[in-house]
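# Fold and geometry: a report
Here are the chains, one letter per residue:
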Amino acid sequence: MKPLTRLSFITAFVCLTTPSVRAALPEDVARALRAGNIPETAVSLWVAAPEGGKPQWSHRSDTARNPASVMKLLTSLASLELLGPAWAWKTDVLTRGTLNAGVLEGDLILRGGGDPFLTWDRLGGLLRDVRSRGIREIHGDIVLDRSLFALPPHDPAAFDGRAVRAYNAAPDALAVNFNAITLRISPRADGGIDAAPTLPFAGLQIENGLRAQAGDSCPSWRDLVAPEISAKGETINVRLPGRFPTACGEKMLNLAAPDPVLMANGVIRAVWQELGGRFSGHVRSAPTPADATPLTSWQSPPLADALRETDKYSNNLMARQIFLSLALPDATTPVTLEAATARLRSWMPTRGLDPQQWVVENGSGLSRQERTTAAQLGALLRAAWASPRMPEFVAAQPVIGIDGTMKKRLPGTPIAGRGYVKTGTLDGVKSAAGYLLDARGRWVAFAWLINHANADAGDPALEALLTRLYAAD
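About the criteria used
Residues numbered from 1 in each chain as written. Predicted model: local features only at pLDDT ≥ 70, side-chain atom pairs only at ≥ 80, totals over all residues. Heavy atoms only, no water. Helix = DSSP H or I, 4+ residues; strand = E, 2+ residues; numbered from the N terminus. Rg over C-alpha atoms; globule rule 2.2 N^0.38 Å. Buried < 20%, exposed > 50% of the residue type's maximum accessible area, 1.4 Å probe, protein only. Areas by Shrake-Rupley, 256 points an atom, 1.4 Å probe, with all protein chains shown as cover. Lys, Arg positive; Asp, Glu negative; His and termini not counted. Charge placed at Lys NZ, Arg CZ, Asp CG, Glu CD. Disulfide = S-S within 2.5 Å. Contact = heavy atoms within 4.5 Å. pLDDT = per-residue confidence, 0-100. 1 Å grid on protein atoms, 1.4 Å probe; cavity = no way out; pocket = protein on both sides within 12 Å on 5 of 7 lines; lining within 4 Å. Points joined across faces, edges and corners; volume = space filled by probe spheres on them. Nonpolar A, V, L, I, M, F, W, Y, C, P; charged D, E, K, R; others polar. Pairing = 2+ DSSP bridges. Axes fitted to C-alpha atoms, helices over the stretch in contact; angles between N-to-C directions. Salt bridge = Lys/Arg side-chain N within 4 Å of Asp/Glu carboxyl O. Phe/Tyr/Trp six-rings, centres within 6.5 Å; stacked < 30°, edge-to-face > 60°. Parallel < 35°, antiparallel > 145°, perpendicular 65-115°, else oblique. Core = buried A, V, L, I, M, F, W, Y, C linked by side-chain atoms within 4.5 Å. Arc of directions from axis to C-beta.

## A look at the overall build of the chain
- Of regular secondary structure, the chain possesses twelve helices and 20 strands.
- For the chain, whose C-alpha radius of gyration is 25 Å, the value lies close to the compact-globule estimate of 23 Å for 473 residues.
- Counting only C-alpha atoms and orienting by the principal axes, one finds that the chain spans roughly 105 × 55 × 35 Å.
- Counting over 473 residues, the chain shows a buried share of 52%.
- As displayed, the chain offers around 20400 Å² of accessible surface, 52% of which is attributable to carbon and sulfur atoms.
- Counting 50 positive and 45 negative side-chain charges, the chain places the centres of these two groups 6 Å from one another.

Structure, rendered in structure tokens:
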């Protein structure tokens, strides 16, 4: 037998000591999939060290699949790098007319800047600022300038037929409170069910026909409540004709407003009255007149803060607003989806991502068209790990067993608190991607995609995967 040369010895040593890429799924993960009647062909997995090197597992990682809300990871990193973590949106306030002794003889104009985090209380802060500048009464209209975004007509029922669900709310340059109304649903001691708004809203009518449903379990209560929402003039009517399981305790029901202008109208009127202001005109949508005079402006929390709300709680409207904002720094005309997508795609190759392996519709994952591969998600995770914006990117993700969409995953186990994982769910889709600190103190990155009719049964397989990755065997 010929003696080993130095080169052949090194080659043999590397082959013996470098782990090979495993194409098969971990057996405990495969077992959980079989229990859920999910074929392995419907699953993609990519696992590797975030700093580089060969994947530890790579199962169908080049198959394009729908990532659901895991797509938000792409929007998050792109926004952090293209806009910066301190980026803030501005809502301008202008007047048209004359102000005398606290009375504005003319219009008050709110010019939207695309703020994804303009909650009712933050809008209240803006209106309080207006009051502090001497305006007590408005003898004109409140004009909403929503012209910054040029978007096609929005059909909230187009995605899944559930127009009332808050995740179907429309993005808008002046989106108040995520364009959603929140009701507190709570059982009473006498067996009745209360339903009350959690935000000030003028013109909101609630027809509460909810009946208590006994039992020890809390099933899909939103479907049982069967909410309906409609608008007539400046009034929004919410009808609750269904049942509410008392075992659910108190719950918050988020409902998409029928129209962004109606949403803003209800909040503005209620808050302005609470502040002692008077107003008898209309709230309407129109561009800012050329002769309007600036009064003040309201700045949003920074992007890094907005992303924590977006990703931890998978807020689709916020993700869509942030995605559109990618085009704002270069915008000379109203922002379109096409402009935002072009900015994203020009950035992707600079971070080792292949734009041809991504289908991007709105950047939120609320889409039947969006696609990518587990390997490309892995490349995204590695790009984020090497980015100066890594701390903000990671901090925006749900923590296993602690908060966000991962709060109920593996709480009280050794894995709780040791991973940052973005999840995604659609009919026929379950996904997850992020980072986990294993039992040996090493970070591992992973991407996990299921596209199958039985995807809802895939949660035990994800937990089995996280458990395996933590064990580091």
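From this point, things continue past the structure.
## A short note on the state of the cysteines
- If you walk through the whole model with that rule in mind, you get one disulfide.
- In this model Cys218 forms its disulfide with Cys248; the gap between the sulfur atoms is 1.9 Å. Sign of the S-S torsion, about 105° for the bond between Cys218 and Cys248, identifies this disulfide as right-handed. Placement of Cys218 in the loop between strand S10 (211–213) and helix H5 (221–225) and of Cys248 in the loop between strand S13 (243–245) and strand S14 (251–256) is noted, with a sequence separation of 30 residues between them.
- On the accessibility criterion, Cys218 (35% relative accessible area) is partly exposed.

## Comments concerning helix H7 (residues 303–312)
- With seven of ten residues buried, H7 lies mostly within the body of the structure.
- Within H7, burial applies to Leu303, Ala304, Ala306, Leu307, Thr310, Asp311 and Lys312.
- Along its buried surface, H7 packs onto helix H3 (72–82), helix H8 (316–325), helix H11 (390–395) and strand S18 (419–426).
- Ser314 sits one or two residues past H7 and shows a positive phi near 50°.

## Thoughts on the confidence of the model for the chain
- Per-residue confidence for the chain gives a mean pLDDT of 94; residues scoring 70 or more make up 96%.
- Note on residues 1–18: pLDDT under 50 across the span, and one contact to partners over four residues away in sequence or across chains.

## A few points about the layout of surface pockets
- Taken as a whole, the second largest pocket spans an internal volume of roughly 740 Å³.
- Around the second largest pocket sit 31 residues that line it, and Pro152, Pro153, His154, Pro171 and Arg320 are the ones nearest its centre.
- Taken together, the residues of the lining of the second largest pocket sort by class into 18 nonpolar, six polar and seven charged.

## Re the pairing of strand S12 (residues 235–240)
- For strand S9 (residues 204–208) and S12, the ladder comprises five bridges, and the chain directions are parallel. Its bridge partner lying in S12, Ile206 is registered against Val238.
- The pairing of strand S11 (residues 228–232) with S12 spans five bridges and is antiparallel. Within S12, the position partnered with Ser230 by the bridge is Asn237.

## Quick look at the sheet that holds strand S1 (residues 43–48)
- Read across the sheet, five strands follow the order S2-S1-S20-S19-S18 without closing on themselves; strand pairing throughout is antiparallel. Pairing within the sheet leaves two strands with one partner each, and these edge strands are strand S2 (57–59) and S18. Between one strand and the next, the sheet's axes are offset by a mean angle of 10°, whatever the strand orientation.
- Relative to strand S20 (residues 443–451), strand S19 (residues 429–437) is paired through nine bridges, and the arrangement is antiparallel. Within S20, the residue paired with Ser431 across the bridge is Leu449.

## With respect to the pairing of S18
- For S18, the tally of buried residues reaches six of eight residues, placing the bulk of the element in the interior.
- In the sheet, S18 pairs with S19 via eight bridges, with the strands oriented antiparallel. Within the sheet, the bridge partner assigned to Thr423 lies in S19 and is Ala432.
- Adjacent in sequence and paired antiparallel, S18 and S19 are bridged by two residues, among which Gly428 carries a positive phi angle near 85°.

## Re the sheet that holds strand S7 (residues 180–187)
- On the basis of which strands lie adjacent, the open sheet formed by three strands has the order S8-S7-S14 and antiparallel pairing. Two strands bound the open sheet, and with one partner strand each, they are strand S8 (193–197) and S14. Ignoring which end each strand starts from, the neighbouring axes of this sheet average 25° apart.
- The pairing of S7 with S8 spans five bridges and is classified as antiparallel. Bridge pairing in S8 links Ser186 to Asp194.

## Some words on the side chain of Arg320
- Looking at where Arg320 falls in the secondary structure, it is placed in helix H8.
- Salt bridges are absent for the buried Arg320, whose nearest opposite-charge side chain, Glu361, sits at 6.8 Å.
- Residues in contact with Arg320, not counting those within four places in the same chain, are His154, Ala169, Pro171, Asn362 and Ser364.

## Details of the packing of aromatic side chains
- For the structure on display, the rule yields five aromatic pairs.
- Taking 5.7 Å as the distance between ring centres and 55° as the angle between the ring planes, the aromatic pair formed by Trp385 and Trp443 counts as tilted. Placement of Trp385 in helix H10 (residues 374–386) and of Trp443 in strand S20 is noted, with a sequence separation of 58 residues between them.
- For the pair Tyr420 and Trp443, a centre-to-centre distance of 6.3 Å together with 35° between the ring planes defines the contact as tilted.

## Remarks on the packing of H3 against H7
- Taken N-terminus to C-terminus, the directions of H3 and H7 make an angle of 175°; their axes are 11 Å apart at the nearest point. Here H3 is positioned roughly antiparallel relative to H7, judged by the angle of their axes. Judged by residue contacts, Lys72, Ser76, Ser79 and Leu80 of H3 engage Leu303, Leu307, Thr310 and Asp311 from H7.

## A closer look at the nonpolar core
- By size, the foremost hydrophobic cluster in this structure holds 51 residues, and its most contacted members are Leu74, Leu344, Trp347, Trp358, Leu380 and Phe393.
- Take this core: its biggest share by element is six residues, from H10.
- In terms of nonpolar packing, the next biggest core, distinct from the first, is built from 47 residues, Val93, Leu118, Val238 and Leu275 among them.

## Observations regarding helix H9 (residues 337–347)
- Here H9 has its buried residues at Ala340, Thr341, Arg343, Leu344 and Trp347. Seen along its axis, H9 keeps its buried residues to an arc of 160°; they face one direction.

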